[in-house]
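The primary structure of each chain is shown beneath.
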Amino acid sequence: MAVAFTVRGVEQGEWAVLQVSGELDLVTSPVLRQRVHDVVADGRHSLVLDLSDVFFCDSSGVGVLIAARRLIRSCQGRLRLILPDQGADGGTSRSSEAESGRGAHVNRVLGALGVRRLFDVHADVESATTDEAGPLSA
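Only a predicted model underlies this, so the values are computations on that prediction, with no experimental measurement involved.

### Thoughts on the packing of helix α1 (residues 29-41) against helix α2 (residues 59-74)
Between α1 and α2, the shortest axis-to-axis distance is 9 Å and the interhelical angle comes to 10°. Put simply, α1 runs roughly parallel to α2. Across the interface between the two elements, S29, L32, R33, V36, H37 and V40 from α1 touch S60, G61, G63, V64, L65, A67, A68, L71 and I72 from α2. Split into classes, the residues belonging to the contact of α1 with α2 amount to 9 nonpolar, 5 polar and 1 charged.

This is the structure in structure tokens:
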């Protein structure tokens, strides 16, 4: 069964929001990498990556997230990720992740690799695109 991978871009005030869904892996990560580069090339340096509908992420996906962070930082921009807080400590079961479709796998992978703390993580688009709300704790 083939799973569709999509990256949909929307504007939220001064923020460019890329809503990602599906599997972020060796095959699909170049698509996200290119979309991030396109956003920056268009002069947008405030970027939100909504990963709440990504249910699988491998090392190439993590590499794209780290590369996006590096690119945005080189432009003195801001990068924020949207991830659910469940799963950061490995507490979410695989079956409940699949049922919820809510990127807990990505959260667990970033936590397990020790790189989640590198990112400004938020629970939803609203909190990610306003400056009043602080990020979720790592």
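### Structural notes on the pairing of strand β2 (residues 15-24)
Across the 10 residues of β2, 8 count as buried, placing the element largely inside the fold. Turn length for the strand β1 (residues 6-12)-β2 hairpin, with the two strands adjacent in sequence and antiparallel, is 2 residues, and the turn residue G13 shows positive phi of about 65°. Each parallel crossover has a hand, and the one from β2 via α1 to strand β3 (residues 46-57) is right-handed.

### Observations regarding the pairing of β3
Of all 12 residues making up β3, 9 are buried, and the element is well covered by its neighbours. Relative to β3, β2 is paired through 8 bridges, and the arrangement is parallel. From the neighbouring strand, A16 faces β3, where its bridge partner is L47. In terms of strand pairing, β3 meets strand β4 (residues 78-82) through 5 bridges, oriented parallel. Each residue of the ladder has a partner; that of L47, found in β4, is L79.

### Some points on the nonpolar core
Membership of the largest hydrophobic core comes to 30 residues, with the highest contact counts inside it found for L32, L47, L49, L51 and L110. The leading source of residues in this core is α2, at 6 residues. Sequence-distant contacts of L49, that is, excluding residues within four places in its chain, are made with L18, L32, V36, L65, L79, R80, L81 and I82. The next biggest cluster of nonpolar side chains, apart from the first, holds 6 residues, and it includes W15, V17, V48 and I82.

### What to know about the sheet that holds strand β5 (residues 120-122)
Taken together, 5 strands build an open sheet; the order of strands is β1-β2-β3-β4-β5 and the sheet is mixed. What marks the edges here is a single partner per strand, and that holds for β1 and β5. Each neighbouring strand pair of the sheet contributes to a mean axis angle of 25°, computed without reference to strand direction. Direction of pairing for β4 relative to β5: parallel, over a ladder of 3 bridges. Following the sheet pairing, R80 is matched in β5 by D120. Each of β1, β2 and β3 is contacted by α1, which is oriented at about 175° to β2, the strand it contacts most.

About the cut-offs
Residues numbered from 1 in each chain as written. Predicted model: local features only at pLDDT ≥ 70, side-chain atom pairs only at ≥ 80, totals over all residues. Heavy atoms only, no water. Axes fitted to C-alpha atoms, helices over the stretch in contact; angles between N-to-C directions. Helix = DSSP H or I, 4+ residues; strand = E, 2+ residues; numbered from the N terminus. Parallel < 35°, antiparallel > 145°, perpendicular 65-115°, else oblique. Contact = heavy atoms within 4.5 Å. Nonpolar A, V, L, I, M, F, W, Y, C, P; charged D, E, K, R; others polar. Buried < 20%, exposed > 50% of the residue type's maximum accessible area, 1.4 Å probe, protein only. Pairing = 2+ DSSP bridges. Right-handed = clockwise from strand over helix to strand, strands pointing away. Core = buried A, V, L, I, M, F, W, Y, C linked by side-chain atoms within 4.5 Å.

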